[in-house]
Structure formats: structure tokens, C-alpha cells
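# Structural characterization, general
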Amino acid sequence: MSSWSSKKELRSLFKSLCAQEFARSLVQNQQQFALHLHDFMSKQSGVWGAYRALPQEISVDEVFNIKHIEWLFPRVIGTPEVRHLEFCRAHSFSQGAFGILEPDKTSPIVDVHDMSGLLIPALAFNKNGHRLGKGKGYYDRTLEHFTGMKVGVCFDFQISEADFPFEEHDVRMDVLITDSQIIDCRPGR
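In this text the structure is predicted, and so the values were computed from the model without any measurement. (Residues numbered from 1 in each chain as written. Predicted model: local features only at pLDDT ≥ 70, side-chain atom pairs only at ≥ 80, totals over all residues. Heavy atoms only, no water.)

Here we take up the side chain of R131. With respect to the helices and strands, R131 occurs in strand β9 (residues 131-132). Although R131 lies buried, it forms no salt bridge, and the closest oppositely charged side chain, D140, sits 4.7 Å away as judged by the N-O distance. Polar side-chain contacts of R131 include one of 3.0 Å to the backbone oxygen of P121. Those residues in contact with R131, other than ones at most four positions away along the chain, are I120, P121, A122, A124, F125, Y139, F164, V171 and M173. (Helix = DSSP H or I, 4+ residues; strand = E, 2+ residues; numbered from the N terminus. Buried < 20%, exposed > 50% of the residue type's maximum accessible area, 1.4 Å probe, protein only. Lys, Arg positive; Asp, Glu negative; His and termini not counted. Salt bridge = Lys/Arg side-chain N within 4 Å of Asp/Glu carboxyl O. Polar contact = N/O pair within 3.5 Å; in protein donor to acceptor, adjacent residues only side chain to side chain. Contact = heavy atoms within 4.5 Å.)

Below is the structure:
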């Protein structure tokens, strides 16, 4: 595979692949991923955004016990036409948009510019740090001017060697963490 012709084609392929792979037991892969993520995050500090995983997303819950990092979680806001994420200090969680566990309505909002970094899921990434999300653009809109570290998290089967079609507004990751590797995607690294 040298490159993909469209995001629609790419999403279809990776949705199918994720459905197949997540139907298998990924316990060992998740454990290996958790080791890489914990090693990486134990060297970080400050305020970081994370997420509560859906059934077909890699879980990052294992790092929430790193005490020197303050964890924030996203909540979907906006109109059905234009939605984005706000990040909150979660006192408790409730079922939000698309069945995702989100901070409850009383959780204080924190400006994304006050965050040191963010753990970001996707359907797929390529080794250059380009991300293929689910097509709603929530992370891209939210992180348009974000200057903190953007860390893509996924299993190895979600990494493509081929380049993705991408648009100017697509947010590129600084680092990718998988069950077998940590990839620094920043230019010149």
C-alpha cells in the first residue's frame, strides 16, 4: 500500500479491521500497551487530557494512578452540526454523547491551553503522526490551536505504513504509542 485515495475508503477498512481485532481477545496486547504508556507517562508532568474508552478503543485507564499528573476528561459540547470537546476535572462520570463516559455536568472545565498534553484515540494513524478519526472532527476542532503534546494511542494493527489523505485542519500527533513501540513523529526526531 503506498497511499489511500480517500478518507471514506480508509475509514471503512479500519472500522472493519477494528471490529475483527476487537472481537478477539486483546488482553495481552492491552497489557503490553499499558507498559509502554505507563513508561512514557511516568516521565511526563502537568495536566493531561485522556478519555474513557469505548469497546473498540484502546484503554488508557492504567495510567490514571500516576499521581504526579492531573487527569482531565473530554465532554462533547456544541450543536449537532458543529461539536467539539471541552476538558474537565471529573468528579464523576455519566453516559454522554455516543455512549461515552463523560465528566458529569458539575465537573469544572479547564482551558485546553492549560494542558501539557493529551492522549488521543483513533481508528488509525500512520507513522508520520497523521490521524484518522471517526469523521466527526471533534479532536481536530478542539486542538486546532493546542500547543501541548499530542500523543496518539492505538494497537499495532491500527498503524498504517501508507500515507493518509489529510486536510489542512487535520491535527498531527507528536508521538504514537502502541503495544510494541513508541514512535516520535515530530519533525527532525
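Neither face of strand β7 (residues 117-120) is exposed, since G117 and L119 on one face and L118 and I120 on the opposite face are all buried. Of the strand pairs in this sheet, strand β1 (residues 46-49) and β7 are connected by 2 bridges, and their pairing is parallel. Pairing of W48 across the sheet is with G117, part of β7. Where β7 lies against strand β10 (residues 149-153), 4 bridges are found, and the strand directions are parallel. In the strand pairing of β10, I120 is matched with G152. (Pairing = 2+ DSSP bridges.)

With 17 residues, helix α1 (residues 7-23) ought to run about 24 Å at 1.5 Å a step, and its terminal C-alpha atoms sit 24 Å apart, in line with that. Among the residues of α1, those classed as buried are K7, L10, R11, F14, C18, E21 and F22. One side of α1 holds all its buried residues, which, seen down the axis, span an arc of 105°. The exposed set on the far side of α1, more than 90 degrees from its buried face, consists of K8, Q20 and A23. (Expected span 1.5 Å × (residues − 1). Arc of directions from axis to C-beta.)

On to the pairing of strand β2 (residues 69-78), then. For β2, a buried count of 7 out of 10 residues is recorded, marking the element as mostly surrounded by other parts of the structure. Of the pairings in the sheet, the one linking β1 to β2 comprises 4 bridges and is parallel in character. What sits directly across from G46, in β2, is I69. Pairing of β2 with strand β3 (residues 83-88), which is carried by 6 bridges, proceeds in the antiparallel orientation. Pairing of R75 across the sheet is with E86, part of β3.

What follows concerns the sheet that holds β3. Here 8 strands make up an open sheet; going across it, the order is β6-β3-β2-β1-β7-β10-β12-β13 and the pairing mixed. Only two strands of the sheet have a single partner each, and these edge strands are β6 (109-110) and β13 (182-184). Two elements, β3 and β6, share 2 bridges in a ladder whose sense is antiparallel. Bridging from a neighbouring strand, C88 pairs with I109 of β6. Relative to strand β12 (residues 175-177), helix α2 (residues 27-41) is tilted by about 145°, and along the sheet it contacts β1, β2, β7, β10, β12 and β13. (Axes fitted to C-alpha atoms, helices over the stretch in contact; angles between N-to-C directions.)

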